[in-house]
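These are the residues of each chain, in order.
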Amino acid sequence: MNIQVLLSEKVSQALVAAGAPADCEPQVRQSAKVQFGDYQANGVMAIAKKLGMPPRQLAEQVINHLDLSGIASKTEVAGPGFINIFLDPAFLARNIDEAVKGDRAGIAVTANPQTIVVDYSAPNVAKEMHVGHLRSTIIGDASVRTLEFLGHKVIRANHLGDWGTQFGMLIAYLEKQQQENSGDMGLSDLEGFYREAKKAYDEDEAFALRARSYVVKLQGGDEYCRKMWRMLVDITMKQNQATYQRLNVTLTEDDIMGESLYNPMLPGIVADLKAKGLATESEGATVVYLDEFKNKEGDPMGVIVQKKDGGYLYTTTDIACAKYRYEKLHADRMLYYIDSRQHQHLMMAWTIVRKAGYVPESIPMEHHMFGMMLGKDGKPFKTRAGGTVKLSDLLDEALERAQRLVAEKNPDMDAAELKKLANAVGIGAVKYADLSKSRTTDYVFDWDNMLAFEGNTAPYMQYAYTRVLSVFRKAGVDESSLTAPVSISDDREALLAARLLQFEETLAVVARDGTPHVMCAYLYDLAGLFSSFYEHCPILSAESDTVRQSRLKLALLTAKTLKLGLDTLGIETIERM
Ligand code: ARG
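Counting starts from 1 at the beginning of each chain's written sequence and moves along it residue by residue. In keeping with the model being predicted, local features are shown solely for residues with a pLDDT of at least 70 and side-chain atom pairs are shown and tallied solely at 80 or more, while totals for entire chains, interfaces and linings include all residues.

- An unreviewed UniProt entry lists the chain under the name Arginine--tRNA ligase, with Shimwellia blattae as the source organism.
- Recorded under Catalytic activity (unreviewed entry), the UniProt text for the chain is reproduced unchanged: "tRNA(Arg) + L-arginine + ATP = L-arginyl-tRNA(Arg) + AMP + diphosphate".
- UniProt, in its Subunit (unreviewed entry) section for the chain, records the words "Monomer." UniProt positions are given in the numbering used here, feature names are shortened, and annotations may be inferred rather than shown by experiment.

Okay, here's the thing in structure tokens:
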């Protein structure tokens, strides 16, 4: 049930009947304050201006034509020409009764399923995943889960950094290690491995020479170099896969679509860009000049697609990759979860993609960018020594802290259950802290805030869920015994019911904008509304069995909604805490 869509249609019809053009925007939104009703239509003022009519007069006429029987109990004109809509308690009751059935909390599967490619996580080979990849991984996965829940076909694309000139050096160093100590690969510390390889490259002439020859050989498909390269990729991804598992992220090894995948396409792309007159030679390199982007001098900026030495670039790969996603994966839509510093890079690559006609304008390509993770000091998140924070260390610390916290709260819990709980709370806290902030801004990583049992945090949400469940435990009923229809008489019941029925609207926003914080805010608000409902509307001691059943249904739908909502975020729920 999407009330916003339903009301928008109704208000549109009334607007047209009152003389507005057919494409008018009714702008129906959830009201910010209870006294303005459940929804507001805010579009009247702008339309009245176009029609040259006093806005309140148009609003009155719209209300006269507005048929909301069975939906709203009251509509009114407010302020300069807003229309406030108050939902009918009988409408709420009927829809709660529908939604509570089944296990999707009333959420329909989309009538227009799309194939959506989601580019996220994208760590680099022979490098440790860092906190920047954490944001992409967590936010991207929440978006994927949401789209799949709504019934879209999602293709997860882990754009692994598995190609480039650094591989000569990495292969040469792996070889050196194999010769020196046959058993240990020395890759358990990826960061250290990379650093040492670089050092050997900079300091040892013979090593550097070998490294350079390996790059050429690797690109030429040499079997030995391919094998060594594969080994580097596999070791890195084995470690990353373990991290995904810990994070309860849905990426698997089958989702790896690394940069190397597009390598065979690159010569063809460059030749085609030249043939189309988009790319030109400039000092030996091949460059696309873009009028859409100007440098400081006001001249069109150039994007190098092939270097003087014949090498290709990150941008060339992203051009090929978009083409591939459209032609081979048949994407109807592409989402990229990459940090905001790569925005210009993507915009340039996509401008070329559009100009070359590789992906038609009708297929949206969206950069769902995010800001940086900052320390409490407001500077980029670093270890005390100033290094990048290893993801695995961060998660270890989360578990440790959560373990202490939940042990304190549950002194009698047995060790195995405690561990499970600590895992859900600790990992949940790290993820939720990120998900609950608007992704476009930087965010401050703060252990104390994220592990607090109050406020918009994972522990609070997980706890809220267990509290709703405990209502059922106390009532000793199961779902099938709730046969009486829902009836809404108290304001708090009405508020909770209306919010419950807004789950679908919330999912739709997250699916459209890739903004999981909207879901977090919704669930947080829902938990709060449940609390005040629970305080003021007795359930177990309700005045009649019918009221008791009706209220239990509201509680049941709250539990289902919280669980499903947290599922779309990739946050685990527990039964007891
Ligand atoms: N591997 C890159 C990095 O670590 C991110 C890749 C993002 N995806 C893409 N299609 N460019 O910065």
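Focus on the overall build of the chain
Phase 1 of the analysis: We count a stretch as a helix when DSSP gives it H or I for four or more residues in a row; a strand needs E for two or more, and each element gets its number in order from the N terminus. The helix and strand tally for the chain stands at 20 helices and 13 strands.
Phase 2 of the analysis: Overall size of the chain, expressed as C-alpha extent along the three principal axes, is 85 × 70 × 40 Å.
Phase 3 of the analysis: Three exposure classes are used, based on other C-beta atoms lying within 10 Å of a residue's own C-beta, which is placed from the backbone: buried for 20 or more, exposed for 12 or fewer, and partly exposed in between. Taken over 577 residues, the chain has a buried fraction of 41%.

Here's the deal with the pairing of strand E4 (residues 82-87)
Every regular strand shows the same layout, with side chains that alternate between the two sheet faces.
Phase 1 of the analysis: The buried fraction of E4 is high, at 5 of 6 residues.
Phase 2 of the analysis: Whether two strands pair depends on DSSP finding at least two bridges between them. Sheet analysis places strand E2 (residues 39-41) next to E4, joined by 3 bridges and oriented antiparallel. For Ala41, the partnering residue across the bridge sits in E4 and is Ile83.
Phase 3 of the analysis: Bridge analysis of strand E3 (residues 72-78) against E4 gives 6 bridges, and the strand direction is antiparallel. Looking at E4, one finds that Lys74 is bridged to Phe86.
Phase 4 of the analysis: Taking the residues that link successive antiparallel strands as the turn, the E3-E4 hairpin has 3 residues, and the phi of Gly79 there is positive, at about 55 degrees.

So, the confidence of the model for the chain
Phase 1 of the analysis: Counting all residues, the mean pLDDT for the chain is 94, and 99% of those residues have values of 70 or more.
Phase 2 of the analysis: Our summary of model confidence lists the complex with pTM equal to 0.95 and ipTM equal to 0.99. Each residue carries a pLDDT score, the predictor's confidence in it, ranging from 0 to 100.

Digging into the sheet that holds strand E10 (residues 333-336)
Consider a sheet: its strands pair through backbone hydrogen bonds, and that pairing is either parallel or antiparallel.
Phase 1 of the analysis: Ordered by their spatial adjacency, 4 strands build an open sheet running E6-E5-E10-E11, and the pairing between neighbours is parallel. Either end of the sheet is taken by a strand with one partner, and the two such strands are strand E6 (153-157) and strand E11 (365-367). Averaged over all adjacent pairs, the angle separating strand axes in this sheet is 20 degrees, with direction ignored.
Phase 2 of the analysis: Judged from the 5 bridges that link them, strand E5 (residues 115-119) and E6 form a sheet pairing that is parallel. In the strand pairing of E6, Val117 is matched with Ile155. Throughout, an axis means a line fitted to C-alpha atoms (over the contacting stretch in the case of helices), and angles, computed between N-to-C directions, take values from 0 to 180 degrees.

Notes on the environment of Tyr460
Phase 1 of the analysis: The residue Tyr460 is located in helix H16 (residues 458-475) in this model.
Phase 2 of the analysis: Between the C-alpha atoms of Tyr460 and Tyr524, which are 64 residues apart in sequence, the distance is 8.6 Å.
Phase 3 of the analysis: With residues near it in sequence (within four places) discarded, Tyr460 still touches Phe453, Glu454 and Gly455. In this description, any two residues whose backbone-derived C-beta atoms lie within 7 Å of each other are considered to be in contact.

Observations concerning the UniProt feature "short sequence motif: 'HIGH' region" (unreviewed entry) in the chain
Phase 1 of the analysis: UniProt tags residues 123-133 as "short sequence motif: 'HIGH' region" (unreviewed entry).
Phase 2 of the analysis: Summarising residues 123-133: 27% helix, 0% strand, and an end-to-end C-alpha distance of 6 Å.

Focus on the domain arrangement of the chain
Phase 1 of the analysis: Residue ranges for the domains originate in an automatic or database domain assignment. Assigned domains within the chain: domain 1 (3-87), domain 2 (115-161 + 259-276 + 304-374), domain 3 (165-252) and domain 4 (391-569).
Phase 2 of the analysis: Computed from C-alpha coordinates alone, the two centres of domain 3 and domain 4 are separated by 44 Å.
Phase 3 of the analysis: The partner domain 4 presents 5 residues to the 4 residues of domain 3 that form the contact.
Phase 4 of the analysis: Note that Gly is not counted as nonpolar here; it falls among the polar residues with everything else outside the nonpolar set of Ala, Val, Leu, Ile, Met, Phe, Trp, Tyr, Cys and Pro and the charged set of Asp, Glu, Lys and Arg. Among the residues making up the side of domain 3 that touches domain 4, the classes are represented as 1 nonpolar, 2 polar and 1 charged.

Notes on the nonpolar core
Phase 1 of the analysis: By definition, a nonpolar core groups buried Ala, Val, Leu, Ile, Met, Phe, Trp, Tyr and Cys residues that are joined through C-beta atoms within 7 Å. Counting residues in each nonpolar core, the largest one holds 154 residues, and the members touching the most others are Val62, Leu92, Ile96, Ile171, Ala429 and Ala497.
Phase 2 of the analysis: With 10 residues, helix H14 (residues 415-435) is the single largest residue contributor to this core.
Phase 3 of the analysis: Among residues more than four places away in sequence, those in contact with Ala497 are Leu92, Ile96, Ile488 and Leu554.

Describing the environment of Ile338
Phase 1 of the analysis: By the element assignment, Ile338 lies in the loop between E10 and helix H12 (343-355).
Phase 2 of the analysis: Ile338 gets classed as buried once you count the C-beta atoms within 10 Å, which come to 22.

A few points about the environment of Asp204
Phase 1 of the analysis: Position of Asp204 relative to the elements: it lies in the loop between helix H7 (190-203) and helix H8 (205-219).
Phase 2 of the analysis: With 14 C-beta atoms counted inside 10 Å, the residue Asp204 sits in the partly exposed group.
Phase 3 of the analysis: Each C-alpha atom, one on Asp204 and one on Pro26, is 69 Å from the other, the two residues being 178 residues apart in sequence.

Considering the UniProt feature "domain: Arginyl tRNA synthetase N-terminal" (unreviewed entry) in the chain
Phase 1 of the analysis: Annotation from UniProt places "domain: Arginyl tRNA synthetase N-terminal" (unreviewed entry) at residues 1-87.
Phase 2 of the analysis: This span, residues 1-87, is 39% helix and 22% strand, and a straight line between its end C-alpha atoms measures 14 Å.

Focus on the sheet that holds strand E9 (residues 300-306)
Phase 1 of the analysis: An order of E7-E8-E9 is seen for the 3 strands of this open sheet, with the pairing classed as antiparallel. Each of the sheet's edge strands pairs with one partner strand only, and the pair in question is strand E7 (279-282) and E9. Averaged over neighbouring strand pairs, the angle between their axes works out to 45 degrees when direction is ignored.
Phase 2 of the analysis: Of the strand pairs in this sheet, strand E8 (residues 285-294) and E9 are connected by 6 bridges, and their pairing is antiparallel. When the bridges of E9 are listed, Val287 appears paired with Ile304.

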